[in-house]
Number of protein chains: 2
Amino acid sequence: MARAEKRPVTVRTIAEHLGVSPAAVSTVLANRHEERRLAPATVERIRQAVRELGYVPNVAARRLRAHDPEVRHAELGILTSFEAPLFLVSRTLRMVQEAVDARSTGGRKFSVSIDMFHAGRLAEMPGLLSASRFNGVIIANTLPDDDAFLRATTLPYAVVVQGRRLANYSCVLETPGEGGRQAAKLLRARRSVRPAVLVPALLTETTADRATAFASALQAAGQPQPARIQADGFSPAAGAAAVAAHLRREPDCDGIFAVTDTLALGALHALKAAGRAVPEKVAVVGVGDHEHADFFDPPLTCVGPAYERVVAEIVTLLFEVMNRRRVRPTEVFVPPSVVRRASA
Amino acid sequence: MARAEKRPVTVRTIAEHLGVSPAAVSTVLANRHEERRLAPATVERIRQAVRELGYVPNVAARRLRAHDPEVRHAELGILTSFEAPLFLVSRTLRMVQEAVDARSTGGRKFSVSIDMFHAGRLAEMPGLLSASRFNGVIIANTLPDDDAFLRATTLPYAVVVQGRRLANYSCVLETPGEGGRQAAKLLRARRSVRPAVLVPALLTETTADRATAFASALQAAGQPQPARIQADGFSPAAGAAAVAAHLRREPDCDGIFAVTDTLALGALHALKAAGRAVPEKVAVVGVGDHEHADFFDPPLTCVGPAYERVVAEIVTLLFEVMNRRRVRPTEVFVPPSVVRRASA
DNA sequence: GCTTGCGCCTAAATCGATTTAGCATTTCCC
DNA sequence: GGGAAATGCTAAATCGATTTAGGCGCAAGC
């Protein structure tokens, strides 16, 4: 392991160390020493020093120097938590990439990459505050702590937030309340009279909204409040354990609205283990955030945002903000879609 | 949309346009005009010009200037295809992030991000060849075209390849042949005598290796060659369609080895639809690349790499290559693990 | 009238790597 | 022996943004 010197090793450091010029070092690093006729002995000395001093090139400097000055390059990022449903992120990336390719011309290029943070610890992400990493970002899958941080800080570059409402940024999200209302409607259509809502311990703004809207939709329809099943985490295992425990306490449960599909997958598992037929005995509704919800057993009926439209809106907004054609933040609501499959 | 001017708009462009200095423009962009006492009228003129000319900051230049010279910053990337099983990528990222955090000190920082390319079109990834984007990368989920490209090009920075053998790079992969052999063993233990192997149309090196090793293991055991079921893509739907067709042609099929879990998921679906009990009538083996394989119906028995170890080896190698402690590429094999669940 | 202070702005250095033009030597050849 | 060519290297400019030190002009104060 390289020793921790005070100052980073640059091309100049190496040059001074050997008594040659930075040009010579750079030449060797780029493997151009043949065409530039450096003496083999010098090349070897430089190589050695590069190794011994633990040189790490500065990519920012290289880019600055190397970039084609005819081309404007913009860096876009998708910031999401490790704990997020990944397939949505990859779908977002793919759609952003397409949108961005469509806007690329000879004189304008974009790069898109995914950066992840631990849910609730967005604030610790290095370089987030400094405007020297991204020209624009999409932030998704934040927890309330992250939202609080974002509300308190105005990042010095273009930002679009997915799935929550923050006054200082442009946001795109599912029409508030609609997901929960639709879920209630689906379960009532199945004649569920003792429905429950399955939630993770840590709720995002979106999942919390679904749960509360579900409860008030039931109330508005004159039904009793749903039982609240709280799972330890987001995984199917957590969902299964929580539902199994609930079925023991409330054997009459006849409907479950799971605020994420992974929890719904666990619920299906627990119901099967307990011998309850889905949807005959217990109807189950998820939210369409799992890639393979139609291959669950039974296939999962979902309410949830129309991701195509959500991503399209996000990209449009992001470009407006980046181009400074939009200065005041705005909110865009996308109504959830309903996909009926077998589970409800 | 901003017009496509010849030269990119820089701070200097704006300054010259207005007859002020670049310092003034920069001051306004950083919102430091109050403390630096720029006249409000000037601030407004600059803001206007910034908007009109469509200025996009150059993040490379900002980083170069802004970085703390006491800290050496390394950029790491995970390069993977859009079509890859994402949960593996996120797991890799998480483990890389941890490994990297452990190696971060006051004087040494790392950033890790995911960049994606279309399977088979790695070569089109912008900036891949130029050493000005990453200090080191992990490349995973490539198709043969990508491998050919990589074999022909030696990227000018640290590279570790996951899941295939390329002579010019360090590689980490499942012990060749072992996955297929273990799958054959599992199916023979289930007394499957007419097994089939389910493959996607486009095989990666790893999936191809699994299929051929499976065939030769059967042969070595004196069994006939397995039928080859070819699915259109990697999705469960493709797998289900291919398996349904196969069952019509070969009703006696009693075992399936699917070279990816998503295909296995489709197979389970098709078998259920055809009324074949799993594992009693048909045993199914997957490869452990799906996050929720133990929540499939029935839970999927898998052979596949021990990802923890794979990622650990990759990270170790990547740092060795970056620090120039390793110059000659090497290959590391990780024996596959076997997870017995209900499907075989 | 001369200093002091303030308001407003600029020149120039800097970050790290790369490349171009070109300067000394040495070698070659007639 | 003299010019030409080859060899081996360096100085300095450059990429774009930021910041520090400081300049100029005008008003206030003594």
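So, the overall build of chain A
Secondary structure assignment for chain A yields eleven helices and twelve strands. Expected size for 344 residues packed as a compact globule is a radius of gyration near 20 Å; at 27 Å, chain A overshoots this value by more than 25%. Here chain A, with 344 residues, has 55% of them falling under the buried criterion. Just so you have it, chain A exposes about 14,900 Å², and 52% of that area is on carbon and sulfur atoms. Charge centroids of chain A, computed over 44 positive and 35 negative side chains, lie 3 Å from each other.

So, empty space enclosed by the protein
For the structure shown, the criterion picks out four cavities of 30 Å³ or more. What lines the largest cavity is a set of 18 residues, among which Phe295 and Asp297 of chain A together with Phe295, Phe296 and Asp297 of chain B lie closest to the centre. Secondary structure elements with two or more residues in the lining of the largest cavity: helix H10 (261–273) of chain A together with helix H10 (261–273) of chain B. The class makeup of the residues in the lining of the largest cavity is eight nonpolar, six polar and four charged. Of the pockets and cavities examined, the second largest cavity occupies roughly 110 Å³. Around the second largest cavity, the lining residues are Arg63, Glu75, Ser113, Asp115, Arg133 and Phe134 of chain A together with Arg63, Glu75, Ser113, Arg133 and Phe134 of chain B. Split by residue class, the lining of the second largest cavity holds two nonpolar, two polar and seven charged.

Section: the interface of chain A and chain B
Each side of the interface is counted separately: chain A has 63 residues, and chain B has 63 residues. At the boundary of chain A with chain B, total buried surface from both sides reaches about 6,000 Å², with 58% on carbon and sulfur atoms. Together, Arg72, Phe295 and Arg324 of chain A form the three largest contributors to the area buried by chain A at its contact with chain B, with a combined 13%. Close ionic contact of Glu75 of chain A with Arg133 of chain B constitutes a salt bridge, the shortest N to O distance being 3.3 Å. Counting across the chain A and chain B interface gives 18 residue pairs in polar contact (both at pLDDT 80 or more). Looking at the side of chain A that touches chain B, the elements that each hand over two or more residues are helix H3 (40–53), helix H4 (59–66), strand S1 (72–81), helix H5 (86–103), strand S2 (108–117), helix H9 (236–249) and H10 of chain A. Broken down by element, the residue count for the side of chain A that touches chain B peaks at seven residues, all from S2 of chain A. For the side of chain A that touches chain B, the residue count by class is 29 nonpolar, 14 polar and 20 charged.

Overview of the domain arrangement of chain A
Residues and elements named next belong to chain A. Domain assignment breaks chain A into domain 1 (11–65), domain 2 (72–174 + 308–336) and domain 3 (178–304). For domain 2 versus domain 3, the distance between C-alpha centres works out to 30 Å. Contacts between the two partners involve 13 residues from domain 2, matched on the other side by twelve residues from domain 3. For the pair domain 2 and domain 3, the summed buried surface comes to about 1,100 Å²; carbon and sulfur atoms form 58% of the total. Summed over the shared surface of domain 2 and domain 3, the number is one salt bridge. The partner of Glu174 in a salt bridge is Arg210, and the shortest N-O contact between them spans 3.1 Å. Inspection of the domain 2/domain 3 interface yields four residue pairs in polar contact (both at pLDDT 80 or more). Secondary structure elements with two or more residues in the side of domain 2 that touches domain 3: H5 and helix H6 (144–152). Considering each element in turn, the side of domain 2 that touches domain 3 owes the most residues, three residues, to H6. Of the residues that constitute the side of domain 2 that touches domain 3, the class distribution is six nonpolar, two polar and five charged.

Overview of the protein's contact with DNA strand C
Around DNA strand C, a shell composed of 25 residues is seen, among which Val11, Tyr55 and Arg65 of chain A together with Ala39 and Thr42 of chain B lie nearest. Close to the protein, within 4 Å, the atoms of DNA strand C belong to sugar or phosphate groups at a rate of 62%. A distance of 2.3 Å separates a base oxygen of DNA strand C from a polar side-chain atom of Arg65 of chain A. Within the backbone of Ala39 of chain B, an N or O atom sits 2.7 Å from a phosphate oxygen of DNA strand C.

Side note on the relation of the copies chain A and chain B
Copy one and copy two of the chain differ by a rotation about an axis and a translation along that axis. Placing chain A over chain B gives an RMSD of 0.1 Å and needs a rotation angle of 180 degrees, together with 0.0 Å of translation along the axis. Seen this way, the second copy is the image of the first under a two-fold rotation axis. Mapped onto chain B, 100% of the interface residues of chain A again fall at the interface, so both copies present the same surface.

Looking at a positive patch on the surface
Residues and elements named next belong to chain A. A contiguous patch of positive charge on the surface is contributed by Lys185, Arg188, Arg190 and Arg340. Within the secondary structure, Lys185 sits in helix H7 (residues 178–189). With relative accessibility at 53%, the residue Lys185 sits in the exposed group.

Description of the packing of helix H1 (residues 11–18) of chain B against helix H3 (residues 40–53) of chain B
Residues and elements named next belong to chain B. Close contact between H1 and H3 brings their axes to 10 Å; oriented N to C, the two are set at 120 degrees. Here H1 lies oblique to H3, going by the angle between them. Judged by the twist between their axes, the crossing of H1 over H3 is right-handed. Counting all contacts with H1, which are made through Ile14, His17 and Leu18, the residues of H3 involved are Arg45, Ile46, Ala49, Val50 and Leu53. Split by residue class, the contact of H1 with H3 holds six nonpolar, one polar and one charged.

Quick word on the side chain of Asp289 of chain B
All names here are of chain B. Looking at the element boundaries, Asp289 is found in the loop between strand S9 (283–286) and strand S10 (301–305). Although Asp289 lies buried, it forms no salt bridge, and the closest oppositely charged side chain, Arg210, sits 5.3 Å away as judged by the N-O distance. Discounting chain neighbours no more than four positions away, the residues touching Asp289 are Pro85, Phe87, Leu88, Thr260, Asp261, Thr262 and Tyr307.

Things to note about helix H11 (residues 307–322) of chain B
Residue and element names in this part refer to chain B. For H11, which comprises 16 residues, the first-to-last C-alpha distance of 22 Å matches the rise-based estimate of 22 Å (1.5 Å per residue) to within 8%. Among the residues making up H11, those that are buried are Tyr307, Val310, Val311, Ile314, Val315, Leu317, Leu318, Phe319, Glu320, Val321 and Met322. Two residues or fewer past H11, Arg324 is found with a positive phi of approximately 60 degrees.

Remarks on the protein's contact with DNA strand D
Not every one of the 25 residues close to DNA strand D is listed here, only the nearest: Ala39 and Arg65 of chain A together with Val11, Tyr55 and Arg65 of chain B. Counted by atom, the contact set of DNA strand D within 4 Å of the protein is 63% sugar and phosphate. Here a base oxygen of DNA strand D sits 2.7 Å away from a polar atom, N or O, in the side chain of Arg65 of chain A. For DNA strand D, a phosphate oxygen lies 3.4 Å from a polar atom in the side chain of Arg36 of chain B. When contributions to the surface near DNA strand D are tallied by element, the ones reaching two or more residues are helix H2 (22–29) and H4 of chain A together with helix H2 (22–29) and helix H4 (59–66) of chain B. With three residues, the single largest contributor to the surface near DNA strand D is H4 of chain B. Among the residues making up the surface near DNA strand D, the classes are represented as eleven nonpolar, seven polar and seven charged.

Here is what the cut-offs are and how they apply
- Residues numbered from 1 in each chain as written.
- Chains lettered and ligands numbered in written order.
- Predicted model: local features only at pLDDT ≥ 70, side-chain atom pairs only at ≥ 80, totals over all residues.
- Heavy atoms only, no water.
- Helix = DSSP H or I, 4+ residues; strand = E, 2+ residues; numbered from the N terminus.
- Rg over C-alpha atoms; globule rule 2.2 N^0.38 Å.
- Buried < 20%, exposed > 50% of the residue type's maximum accessible area, 1.4 Å probe, protein only.
- Areas by Shrake-Rupley, 256 points an atom, 1.4 Å probe, with all protein chains shown as cover.
- Lys, Arg positive; Asp, Glu negative; His and termini not counted.
- Charge placed at Lys NZ, Arg CZ, Asp CG, Glu CD.
- 1 Å grid on protein atoms, 1.4 Å probe; cavity = no way out; pocket = protein on both sides within 12 Å on 5 of 7 lines; lining within 4 Å.
- Points joined across faces, edges and corners; volume = space filled by probe spheres on them.
- Nonpolar A, V, L, I, M, F, W, Y, C, P; charged D, E, K, R; others polar.
- Contact = heavy atoms within 4.5 Å.
- Buried area = accessible area lost by both parts, 1.4 Å probe.
- Salt bridge = Lys/Arg side-chain N within 4 Å of Asp/Glu carboxyl O.
- Polar contact = N/O pair within 3.5 Å; in protein donor to acceptor, adjacent residues only side chain to side chain.
- Domains from an automatic or database assignment.
- Near = heavy atom within 4 Å.
- Least-squares fit on C-alpha atoms with pLDDT ≥ 70 in both.
- Patch = residues over 30% accessible without salt bridge, like charges linked within 9 Å, V, L, I, M, F, W, Y side chains within 5 Å.
- Axes fitted to C-alpha atoms, helices over the stretch in contact; angles between N-to-C directions.
- Parallel < 35°, antiparallel > 145°, perpendicular 65-115°, else oblique.
- Left-handed = near helix turned anticlockwise from the far one by under 90°.
- Expected span 1.5 Å × (residues − 1).

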